[in-house]
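Chain residues, written in single-letter form:
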Amino acid sequence: MVRLDFASILFLAAVAVGQRCPANPGRDPSEPPFGQPVTPRPGDVPSGCSPFEILSARGTSESGKFGYRVGDPVIGNVTAVLNGARGYPVQYPASIDFDSGIPIGARDVANRLASQSRLCPDQTFSLIGYSQGAMVIRAALDLIPASLFPKIKSLVFFGDPYYQDPIPGALTAKLLENCATGDNICNSSGTYCPYGHVSYTFPQWVELSEAFIVEGFAA
Ligand SMILES: *[C@@H]1O[C@H](CO)[C@@H](O)[C@H](O)[C@H]1NC(C)=O
Ligand SMILES: *[C@@H]1O[C@H](CO)[C@@H](O)[C@H](O)[C@H]1NC(C)=O
């Protein structure tokens, strides 16, 4: 019989917990059926300057101001602890039509950084994207001039279909990639869990990302 010491048992227990399938996080009843567009609300776009702005690209058909699964809790937590931080909802349809929607979102992110940088030279940014939203942010990085990269303090992806694909070198150290247990969208070789891809709303991911964004702002 194999004998395990106490430390090994703790280690194996931690691995087992880490690999357990996430619980069902529930669903916003106002979320449109999967694949349907979410109507952007220009009224949610903040005006004027702030020290720090978190641009959130929602996942496919995700309702809520910044995205109820990821953007809303993350921005809610960061703004609660960081004076002068605010959110910006990336204006794109987030429908199943990725081919037309992603370029719209990417252009919106690039335009927002350019116009805010002109208007508010001291403003800095975090770019967050969930699922299709991560693809939007990745596509935006091809449009944003490298001269603005120093203003990007952090990037945070959740359930990124291009998980671990490279981004511009100047930004690599500022990227946090969240990939949950059982999320086959970011890890196709991992185990599959029914709620893996929608589990980023849990504090484990929200608070990790909050800490990363707050740290990045101060860096
Ligand atoms: C984040 O927000 C949630 C929901 O509002 C709250 O329960 C939690 O305590 C917050 N966490 C931190 C670290 O601020
Ligand atoms: C994918 O998940 C498996 C376990 O399910 C893990 O061993 C592997 O490291 C993961 N791959 C990546 C790139 O995170």
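Model, not experiment: these values are computed from the prediction.

Visitor: Looking at this structure, I do not really get the site of ligand 1. What am I missing?
Guide: The full set of residues close to ligand 1 is Pro-73, Gly-76, Asn-77, Ala-80, Glu-207 and Glu-210. Among the elements of the structure, helix 2 (71-81) and helix 5 (203-218) are those that each provide at least two residues to the shell around ligand 1. Ranked by residue count, the leading element in the shell around ligand 1 is helix 2, at 4 residues. The residue makeup of the shell around ligand 1, split by class, is 2 nonpolar, 2 polar and 2 charged.

Visitor: Teacher, can you tell me more about helix 4 (residues 132-141) here?
Guide: Residue pairs spaced three or four apart in an α-helix point in one direction, given the helix's 3.6 residues per turn. Taking burial as the measure, the 10 residues of helix 4 include 9 buried ones, the bulk of the element. Residues of helix 4 that are buried make contact with strand 1 (52-57), helix 3 (98-119), strand 3 (124-130) and strand 4 (152-158).

Visitor: Is there a simple way to think about unusual backbone geometry in this case?
Guide: With the exception of glycine, most residues fall at negative phi, and the peptide bonds are largely trans. Of note in this structure, Ser-131 is not a glycine but carries a positive phi near 60 degrees. With respect to the helices and strands, Ser-131 occurs in the loop between strand 3 and helix 4. At Gln-164, a position not held by glycine, the phi torsion is positive, near 70 degrees.

Visitor: I'm lost on the packing of helix 3 against helix 4 in this one. Help?
Guide: Two measures define how a pair of helices packs: the angle their axes make with one another and the distance between the axes. Packing of helix 3 against helix 4 leaves a shortest axis separation of 8 Å and a crossing angle of 55 degrees. Of the possible angle classes, the one that applies to helix 3 and helix 4 is oblique. By crossing handedness, the relation of helix 3 to helix 4 is classed as right-handed. Together, Phe-98, Ile-102, Pro-103, Gly-105, Ala-106, Val-109 and Ala-110 of helix 3 and Gln-132, Met-135, Val-136, Ile-137, Ala-139 and Ala-140 of helix 4 make up the contact between the two elements.

Visitor: Would you mind showing me how to read the sheet that holds strand 1 here?
Guide: Strands in a sheet are paired, the pairing made by backbone hydrogen bonds, and the direction either parallel or antiparallel. Taken in spatial order, the 5 strands line up as 2-1-3-4-5 in an open sheet, and their pairing is parallel. Looking along the sheet, the strands with just one partner apiece sit at the ends: strand 2 (85-89) and strand 5 (175-178). Between one strand and the next, the sheet's axes are offset by a mean angle of 15 degrees, whatever the strand orientation. Where strand 1 lies against strand 3, 6 bridges are found, and the strand directions are parallel. Directly across from Glu-53, in strand 3, lies its bridge partner Phe-125. Its contacts with the sheet put helix 2 on strand 1, strand 2 and strand 3, and the angle it makes with strand 2 is roughly 160 degrees. Packed on one face of the sheet, helix 5 meets strand 1, strand 3, strand 4 and strand 5 and runs near 165 degrees to strand 4.

Visitor: Please explain the nonpolar core as it appears in this structure.
Guide: Grouped burial of nonpolar side chains is what soluble globular proteins tend to show. Membership of the largest hydrophobic core comes to 44 residues, with the highest contact counts inside it found for Ile-54, Val-109, Leu-127, Val-136 and Ile-137. Secondary structure elements with two or more residues in this core: strand 1, helix 2, strand 2, helix 3, strand 3, helix 4, strand 4 and helix 5. Ranked by residues supplied to this core, first place goes to helix 4 with 6 residues. For Ile-137, the contacting residues outside a window of four places in its chain are Ala-57, Val-109, Leu-127, Gly-129, Leu-155 and Phe-157.

Visitor: Help me out: how do you make sense of the site of ligand 2 in this one?
Guide: Within the structure, ligand 2 sits among Gln-164, Cys-179, Asn-187, Ser-189, Gly-190 and Thr-191. Taken together, the residues of the shell around ligand 2 break down into 1 nonpolar, 5 polar and no charged.

Cut-off values and rules
- Residues numbered from 1 in each chain as written.
- Chains lettered and ligands numbered in written order.
- Predicted model: local features only at pLDDT ≥ 70, side-chain atom pairs only at ≥ 80, totals over all residues.
- Near = placed C-beta within 6 Å.
- Helix = DSSP H or I, 4+ residues; strand = E, 2+ residues; numbered from the N terminus.
- Nonpolar A, V, L, I, M, F, W, Y, C, P; charged D, E, K, R; others polar.
- Buried ≥ 20, exposed ≤ 12 C-beta atoms within 10 Å, placed from the backbone.
- Contact = placed C-beta atoms within 7 Å.
- Axes fitted to C-alpha atoms, helices over the stretch in contact; angles between N-to-C directions.
- Parallel < 35°, antiparallel > 145°, perpendicular 65-115°, else oblique.
- Left-handed = near helix turned anticlockwise from the far one by under 90°.
- Pairing = 2+ DSSP bridges.
- Core = buried A, V, L, I, M, F, W, Y, C linked by C-beta atoms within 7 Å.

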